[in-house]
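# A look at the structure
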Amino acid sequence: MGGKNKQRTKGNVRPSNSGRAAELLAKERGTVPGFIGFGTSQSDLGYVPAVQGAEEIDSLVDSDFRVVLRKLSKKDVTTKLKAMQEFGTMCDQRDAEVVKGVLPYWPRIYCKISLDYDRRVREATQIAFERLILKVKKHLAPHLKSLMGYWLIAQCDAYAPAATAAKQAFEAAFPPSKQSEALVFCKDEIINVLQDHLLKETPDTLSDPQTVPEEEREAKYFRILTSSLLALKKFLCMLPASEMDSVEEKLKPLLSHSKFWKYGKHNSPQVRSAFFELVSALCQYIPKSMKAESSRVSPAVLANIDEIDPVVCPSLWEAVLYILTTIEDCWNHVNASKNVFPKLSTMLSEGGRGLATVIYPYLLPFISKIPHFSTDLNLEFFRDFFTYITRGLSTERILTSHSDCSAVISAFFECLRFIMQQNLGVKEESVKMQKMLINDQLIPFVDTALNDPRLQNEQLYDQLAETLNSWESKAETHGDDRVVDTLKNVLNTFWINLSDICLQKIASQEADEKSLLGLASLLQVLQKAESSGKQNQKKVSKIRYIDGAPESSTENRKDLSPEEDNAEDSDSIWDQKFPVHISRLRNGPLYDLVCNLAGRSVVHISGMKSRKHLSFLSSLLNSFASSEVFKVMLELQNEKCNIDVNTVPQELVRSVRENPAVRFMYEKLINWLSEDKKQNTDFLVDILYSILYCCESNSERKTILDDLTKLDLKWNIILRIIQKACSGSDKHLLVSTWLKGDILGEKLATLADYLCNEDLEVEVSSESFTSERWTLLSLVLSQHVKNDYLIGEAYVERIISKLNVALSKAKTISEDGNTESSVSFICDVASNFFISMKGCWLMPSSEQLLLTIFQLCALNQDITHLSDSLVSKLKHTWLCGLHSLVHQFGNANTQSTFLHSSALWLKNQIQSASLDVKSLRVMMSTVDDLLNSLLEAYNTLFLLRLFVENIMPSDSEWENMRHSLSTQWLHKPLLEGRLSLNYEYSRTDFKEYSTMQLPSHLCTTALLSKVVLLTLKEEIILEDNKTEKIIAELFYSLQWCEELENPYNMLIEFCEMLQGMDITYDNLSVLCNLPGLLQLIFIRSRDTGTLWALTISKLMHSKNILPDEVKQLYKTTEGFFPVTEGSLHTVQSLCPFLPLEDKEELVNQCTARLLTCTKKDLCNIDGSFGYLSILNSCLKTGSIDGREKLYGILKIIMSWKSDHEDIFLFSCTLKEASPQLLGLNIEIIHLLSILLKYSSSLLVDSDWDFIMCSMLAWLETTSENHALYPVPLVQLFACVSCDLACTLSAYFSSISSNLPVNLISEWHEFFSEGIHSLLLPLLVKITGNKDTSETSFQNSVLIPLGETLTYISKDQLLNHKLSVRLTSDQKTNLPERLQTLLNTLAPLLHFRARPVQIAVYHMLYKLMPELPKFDDDDLKSYVDEEEEPALSPPAALMTVLGILEDLLENILECYPVGEFVVIQPLSEEFCYVLGYLLTWKLILTFFKASTSQLRALYSLYLRRTKSLNKLLYHLFRLMPQIPTYVGPAVEHPNKETKTFFTEELHLHVRETATLSSQIPHLACSVYQITLKDLPAMVRLWWNSCEKRVFNVVDKFTSKYVSNMLSFQEISSVQTSTQLFNGMTVKARSTTREVIATYSVDDIFIELIIQLPLNYPLGSITVESGKRVGVAVQQWRNWMLQLSTYLTHQNGSIMEGLALWKNNVDKRFEGVEDCMICFSVIHGFNYSLPKKACRTCKKKFHSACLYKWFTSSNKSTCPLCRETFF
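Throughout this document, residue positions are counted from 1 along each chain, in the order its sequence is written. Predicted model: local features are reported for residues with pLDDT of at least 70 only, side-chain atom pairs are reported and counted for 80 or more only, and whole-chain, interface and lining totals are derived from all residues. To get the side-chain values, all heavy atoms of the structure are used, and hydrogens and water are removed first.

### Remarks on helix α9 (residues 160-173)
Applied cut-off: Going along the chain from the N terminus, every DSSP run of H or I of four or more residues is numbered as a helix, and every run of E of two or more is numbered as a strand. Here the expected span of a helix is defined as 1.5 Å times the quantity of residues minus one. Burial classification: accessible surface area is computed with a 1.4 Å probe over protein chains only, and a residue below 20% of its type maximum counts as buried, one above 50% as exposed, and the rest as partly exposed. Picture the helix axis, draw a direction to every C-beta atom, and the arc is the one those directions span. Contacts between residues were defined by any pair of non-hydrogen atoms, one from each residue, lying within 4.5 Å.
Helix length check: α9 (14 residues) gives 20 Å between terminal C-alpha atoms against 20 Å at 1.5 Å per residue, within 8%. When α9 is considered as a whole, its buried residues turn out to be Ala 162, Ala 163, Ala 165, Ala 166, Ala 169 and Phe 170. Within α9, the buried residues cover an arc of 160° as seen down the axis, which keeps them to one side. Looking at the packing, one finds that the buried side of α9 touches α7 (119-136), α8 (144-155), α10 (176-185) and α13 (214-238).

Spelled out as structure tokens, the structure:
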């Protein structure tokens, strides 16, 4: 089709437009054609008005409507759909006058678009039409005739939503009373439209063959045909009777047209169905015309009687019935024997071909309308007719479909009764017909049903009973004796034949159990004649002859198993007089048949032990139990059996003689019960109940059952007797006195005792045998009748007690014995018992059982050794019991021992038992279930308070549990200065056994917190502030866990468990009464201090408590004095939250009290120690101005120096030092550190002397007493001493010129030297002690020690006084002192403590630039060697590197290169990786400090050892895939994303916040330095990598490193101060280019060096610029040399250019190139060609010759090939 940019035909200046084409056509012909089809001329559309021209439309229609109407003419479905929806919306929104303007053009659009192929468009059209109608209302009338035909078709649309919408529009336009008038008004137009569609239209006229596919055309045509046929039917149904004559005349052309009658054979099922529906309507409304066309209509309908399509079949059979009732001579126009009956026979013999529910209900009216002359009602026809129905019933399709089977059975019996009714005469033909129907049809039909279990359903038996009932009622009420005699003969014949087949079936060995049960069911149904008749009256099919298809009968099938059948039919059991009303014509034959069958069954049971006959007998007796039946059974026995009267209870002797049923039991039933056939038990028990029905009194029944109970019968018999009693109230009444009796109760109690004692200890061989006995116990405990136990309550109590004892034993013997099955059975019994307790009070034994089960659920499975499934069953059981228990607390007087007992047991468990996390979790989960059940109780508050009251520890118990917690927690807050102590405490680690269990305090608080969390959420308030007490204890436990430095794994699991249960600071502190909680913890902190003080501090931090709220706790600062341990720790913890004025008040009071302290008070808590501790806490943050106060305190301390010098621990041993003295010195050192921070400007020389001399003296004490560091206070003393030294070192390293020069010089010359001369050996001593390297105290001392050593100067390192440490096999040029330092410090790089590693790194980092110069002296000897020389970096570092390489290989080898490996901070792996990366940083620093010549030797060594390759592989496992930096960093002006490459790495000894990112950051830093300083070696490694690693490295480097390194390289060129004689270098940062211009005399050379995007991995390209005076070959050589230098030398671009210029300069100076490498200067060792050939006189580099000789295996000159000397 044409596009916008295509060339048009010459002269056509406007694009194609369908609207313009319509306009031109209107001009030529006067109108816009309104055709619907494509092949119809204008004259054919008389019913569709032509529309005025397009120009007139434009002027008459609203512009918006005009646009929409044009869209409706488009072909695109979506366009039409949206346009129609828009049209409907506009009809709603616009004024009526505007909408009326559309009406003249709407019929053409509607008539076309209502037949659209797309169903959505059709639906939208009808919806829019309704909106149009609602807007214009009666103004639609002038256009009604042109619309109505298509409107009716739309109401019959195959798409239901579209049809519904059209009907709604029709109803909106016309009320029901006016609808027929509207149709009469438009009847001519409607008939014309429908006739045209039915007779004239074709697929090609309705759709354009050129644009619409054939499949779519046919589908549209079939749909319109169907809708038109249904529309005509609808039209006829809605027309008034007065108009039928005129319509009948107008329809004659249609009815006389042969095309119309061919629609019955149409390919489309929808068309055929609509055709037959129309035929039915025509027969109903215009029967005259149909009779006139009988020759057409009869074959069209009757000849299609074998239709198999489910869509067509209902309408066809409806039409068949209408034809038969309307056209009397219809059989004259068809050959019934050839075209109708054979098809009917075939269909019936095939069971209706899946359409039985549709076809078979029509058979009765069909055969009733067959005239005499067509079949002569002969015997053979009906014999064949019923034979075909019976044959069809046997087909698989009918047998598998209940509805189809019911339809066939109903049709069979309806037709049978009809034919019998028609042949009740005494004529020979009638008698033959009667015999044929009974003997040849009914009896075989019943026999077939009895042989096939699928036909043994209520439907068939009910129909048979209904048939017999109808014949019997007629025989009893009919006045004609001939009819009565006939019916009696028929019934007599039926009973004789039925008896024969029943007796044959009983006698047959081939009869199976199902067929015999079917026979019993048949007899039971025949017994219930009256009820059956009433039931079937409701199921009679209704046949509609007038409107619509006939309704098929629907039966509600009710399948019953024999047991269910027996149970439900128990009310209909016969006594001797048969109380159910049964016809006298049936009573005798049925009774005789039952007695005969029962007697024959007993014979088979006795003689052949036939189970099927036993089953039949039990089922038969269940409905026909009577003394006469038992009497007949006894009489028909082949052998007489005499009963020993002595074996019968005295009470039953008379009954045995007089009651045949009792006699039968003792003669037969007891023997049968004694036989070991479990499968027969149900049948025998049913027979027993039949016998009990025949007994006269309950006492007689009880005596019989007691006698049976005393016999050694199997338990399953008693079980089935009781189960049957529970199945119905009538059966229970028969045995109720026996159930409550003592004989059964004692037997059950004995059974329970046996099961509970034997089964727990001996493994039972028969699982089913044991299961039955447990089931029996469960049944008698759980079943209740009118809120009473099934058996005596005393026996229930005894059984429950035995179960409880058994479970208690299971707790102790479960580990050794097999108790799984027994416990499982007890669970089942208990669960059923508890569930059934509704309305019954729990007895004490049941509560004890509930407690035992609760304990089993609350204990860990490792203790109980029970399986998961069994624990789950136990949990279900105790929850059932608890549910029953709590629902009985609605009565306030009810008392329960369970809650009290369970709470005390839980309390004992959590306080005394050794619980691990798993055990505690199980217990808490069980308690959670308990609490949730309590919430369902009526009085939840009372129950919860009762439970908490019993489980809550007393104050003394809480105190004991707190004291049992390890004091190891003190170490951390002591070292961090949060608490102060002046007494020694035990600091032993956790004992081994204690790490396998949780402290009782933690278990108790966790469990109680679960309770508290629930009460808080439910807003339940506990008495006596129990909520706050429990939460306070929990916070105490959590604080204890948090303060531990190295908590064992179980504590970590404990905290994670609490998190998972939402037991957290935030949850509890938000829900509880926070002020009350704070007050409680504050009081405890003030009384005892220690961990309570830290607890309140943590709580205030988490809740952001304001100073004013804190002040409410203590009111005034006077309350803290006199100072106790509790008040001291409280002040230290609350200090950050105190108001400033209170802090100042505390400082003033403590300072004043210091002045009055005597020597005796100096070390006391309520003395100098306590006051200094408070002062340090208040002044250390600098929140108040304390400079003057600090200086004043210093003067006080200095006065102590002069008055009480012995209190200062200067240069002394600490073995005899008291803890009080240590505490005081620690606080003095703390104060001096704070003084240096805030008041250093006030110090004079004497003050400085005191501070620095004291610091050095304390350091000497620290150094001399390192063996005592495990003592906590000594360790703390060492830490604060080193901290003071560190503070002074930092102070003097950053001072301005304000201090006196002599003070600074003293510091550097004496004090600094003294610090490091003490601490460096101390570091070596501590780290050299292998026994303490892993203990927890080492880090605390090593952190301040290491941080102080980072301030050591290079000169102090070089002048160290360490012991000599040399290694004989080390090849090195370093002096002894330096080698000793390296050998001492380097191994500490892999020490298992990060502070040591960082400190050693900082010290060695200062030495690295000094080391390469010692290799410079031997450089010449390396250069002159003939082989390729290699020089090792410092041997001590390489030794450490070798050790760490092996360790990292073991750690990282399992991870592929490129996968980021997360290293856990401070783990063993962390220290190894950190040491490895720090070692490489030192090596790279050493490498960078070397000259170019040395760098080449070192790089060759690294290449040979492949150490660098290993490093790079490891780095790509340690660097994150996205190295984003998240820490604090300097803001970049361009706001670029910060990465580990853009941010500088700072390694501090104390840094802990960024430990998780330290290894990745350090790895990135090492990789960046490696790329920068060893680019050639990295490039060489990269090119040798496998493809995957190659791509990973390239992508990562290009994305994160290359840009930055390129920028740095270009910047270094731009900012370089290096000057070249004759060469200038410039850089262009934007293009990554460096331009070098070399000029000598007339020679001018310009080189352009281009950096690659993946610099430095990719090769640097050297391009040619301008050149003057240089030969091409020489020029190429020089470009190649420069490219080689830049690619293979490890240095910067400037260094490569310098090397290249030196080479070119030598060339111009006359030095010839080496003829091997074609360069003057060697690219690796930078030497000149010196080895000359004696023959050709050419000179070569020594290294080049060596390589030439080794690679060629010759010793000849490369040029002249002469032997080289």
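So much for the structure itself; the text now carries on.
### With respect to the pattern of salt bridges
Test applied: Any Lys or Arg side-chain nitrogen located within 4 Å of an Asp or Glu carboxyl oxygen qualifies as a salt bridge.
Scanning the entire structure with this criterion turns up 50 salt bridges. For the salt bridge of Asp 62 with Arg 94, the shortest nitrogen-to-oxygen distance reads 2.9 Å. With Asp 62 in the loop between α2 (54-60) and α3 (63-72) and Arg 94 in the loop between α4 (77-93) and α5 (96-100), this residue pair connects regions lying 32 residues apart in the sequence. Of the residues examined, Arg 94 reaches a relative accessible area of 23% and is grouped as partly exposed. Between Asp 118 and Arg 120 there is a salt bridge, with the nearest N and O atoms lying 3.2 Å from each other. Given a relative accessible area of 14%, Asp 118 falls into the buried group. Salt bridges here are not isolated pairs; linked through shared partners, they connect Glu 959, Arg 962, Glu 1033 and Arg 1084.

### Structural notes on the packing of helix α47 (residues 844-858) against helix α49 (residues 868-886)
Stated formally: To define axes, lines are fitted to C-alpha atoms, for helices over the stretch in contact only, and angles between the resulting N-to-C directions are given on a 0 to 180 degree scale. Each angle receives one of four descriptions, namely roughly parallel if under 35 degrees, roughly antiparallel if over 145, roughly perpendicular if within 65 to 115, and oblique otherwise. In a left-handed crossing the near helix is turned counterclockwise from the far helix by less than a right angle, and in a right-handed crossing that turn is clockwise. Put simply, Ala, Val, Leu, Ile, Met, Phe, Trp, Tyr, Cys and Pro go in the nonpolar bin, Asp, Glu, Lys and Arg in the charged bin, and everything else, Gly too, in the polar bin.
At a closest axis distance of 9 Å, the pairing of α47 and α49 adopts a crossing angle of 140°. Looking at the two axes, α47 sits oblique to α49. Once α47 is placed against α49, the crossing between them reads as left-handed. Across the interface between the two elements, Glu 847, Leu 850, Ile 853, Phe 854, Leu 856 and Cys 857 from α47 touch Val 871, Leu 874, Lys 875, Thr 877, Trp 878, Gly 881, Leu 882 and Leu 885 from α49. Of the residues assigned to the contact of α47 with α49, the class counts are 10 nonpolar, 2 polar and 2 charged.

### Considering a negative patch on the surface
Let me state the cut-off plainly: Each patch is built from salt-bridge-free residues with over 30% relative accessible area, joining like charges within 9 Å and nonpolar side chains (Val, Leu, Ile, Met, Phe, Trp, Tyr) within 5 Å. Working definition of accessibility: Shrake-Rupley area with a 1.4 Å probe, residue cover restricted to the visible protein chains. Two residue types count as positive, namely Lys and Arg, and two as negative, namely Asp and Glu; His and chain ends fall outside the count. Where a charge lies is defined by one atom per residue type: Lys uses NZ, Arg uses CZ, Asp uses CG and Glu uses CD.
Taken together, Asp 1108, Glu 1109, Glu 1141 and Glu 1144 make up a surface patch of like negative charges. At the level of elements, α61 (1107-1114) and α63 (1140-1155) are the ones that each hand at least two residues to the negative patch. On the secondary structure map, Glu 1144 appears in helix α63. The class for Glu 1144 is partly exposed, based on a relative accessible area of 39%.

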